[in-house]
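One letter stands for each residue in the lines below.
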Amino acid sequence: MTLKTLTSAAIEFRQYRPNDYDSYATFCINNFGKNAYQISRSYLEWLYDDPSKSFAIALNESKVVGIEHNFKAPVLINGQSKMVTVLHDLMVDESHRGTVGFRLMQDSLKSDDYLVLPGSVGRLSRVYGRLGSKK
């Protein structure tokens, strides 16, 4: 996924870097809980085993306030196996919900020709639809 470093009203949107871990871990504890798998360094190393792979984050004054993980998986499209991006773990601090989550979603939708949005139902599904996502 190629996501350029962009700033918008004191929020920075970019790819996660290893030196973001402490802020990322605090974010995960506050939003997923202290025992969440997202906190584990081994989870991140497993998911992003190649240094060129990463995931989208939103920062406010160097503090992680939003994330959207992704990974590649094979999917059959028109009878052919294609590697596609699977988006998951969209989470934004309660105090930054709205435009930050919307922006993470919007940027992630531009990351690949085909995307899988597991668990995107109801309101979340409608938002992805308004951003151009199709079933």
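These numbers come from a predicted model, not from an experiment. (Residues numbered from 1 in each chain as written. Predicted model: local features only at pLDDT ≥ 70, side-chain atom pairs only at ≥ 80, totals over all residues. Heavy atoms only, no water.)

### A word on the confidence of the model for the chain
Predicted coordinates in regions of low pLDDT should not be interpreted in detail. To be explicit about the condition: pLDDT expresses, on a scale from 0 to 100, how confident the predictor is about each individual residue. Secondary structure counts use DSSP, requiring at least four H or I residues in a row for a helix and at least two E residues in a row for a strand, with both numbered from the N terminus.
With 81% of its residues at a pLDDT of at least 70, the chain reaches an overall mean of 83. At the level of individual helices and strands, the chain shows its lowest average pLDDT in strand S1 (residues 6-8), which scores 48, and its highest in helix H1 (residues 21-32), which scores 96.

### Structural notes on the pairing of strand S3 (residues 56-60)
Applicable threshold: Throughout, exposure labels follow a simple rule: accessible area from a 1.4 Å probe, protein chains only, divided by the maximum for the residue type, with under 20% read as buried, over 50% as exposed, and the rest as partly exposed. Pairs of strands are assigned from DSSP output, requiring at least two bridges between the strands.
Among the five residues of S3, four are classified as buried, and the element is accordingly described as predominantly covered. Both strand S2 (residues 11-15) and S3 contribute to a ladder of five bridges, which runs antiparallel. Paired with Arg-14 across the bridge in S3 is Ile-57. Sheet analysis places S3 next to strand S4 (residues 63-77), joined by five bridges and oriented antiparallel. Within S4, the position partnered with Ile-57 by the bridge is Ile-67. Taken together, S3 and the strand that follows it, S4, pair antiparallel across an intervening segment of two residues, in which Glu-61 is found at a positive phi of about 55 degrees.

### So, the environment of Ser-54
Defined as follows: By definition, residues are in contact when any of their heavy atoms lie within 4.5 Å. Think of a polar contact as two N or O atoms within 3.5 Å of one another; within protein, one of them needs to be a possible hydrogen donor and the other a possible acceptor, and neighboring residues in sequence only count if both atoms come from side chains.
Position of Ser-54 relative to the elements: it lies in the loop between helix H2 (41-47) and S3. For the pair Ser-54 and Glu-68, spaced 14 residues apart in sequence, the C-alpha separation works out to 10.0 Å. Filtering out sequence-adjacent residues up to four positions away, Ser-54 remains in contact with Gln-15, Tyr-16, Tyr-48 and Asn-70. Polar side-chain contacts of Ser-54 include one of 2.6 Å to the backbone oxygen of Tyr-16.

### A look at the pattern of salt bridges
Applicable threshold: For this document, the term salt bridge refers to a Lys or Arg side-chain nitrogen within 4 Å of an Asp or Glu carboxyl oxygen.
Within this structure, the stated rule accounts for four salt bridges. A salt bridge links Asp-20 to Arg-14; the nearest nitrogen and oxygen atoms lie 2.8 Å apart. Taking relative accessible area as the criterion, Asp-20 reaches 8% and is therefore assigned buried. Using a relative accessible area of 5% as the deciding quantity, one classes Arg-14 as buried. Asp-112 is the salt-bridge partner of Lys-72, the closest N and O atoms lying 2.7 Å from each other. Taken together, the residues Lys-72 in strand S4 and Asp-112 in the loop between helix H3 (99-109) and strand S6 (115-116) connect sequence positions 40 residues apart. Each member of the salt-bridge network shares a partner with another, and the members are Glu-12, Arg-14 and Asp-20.

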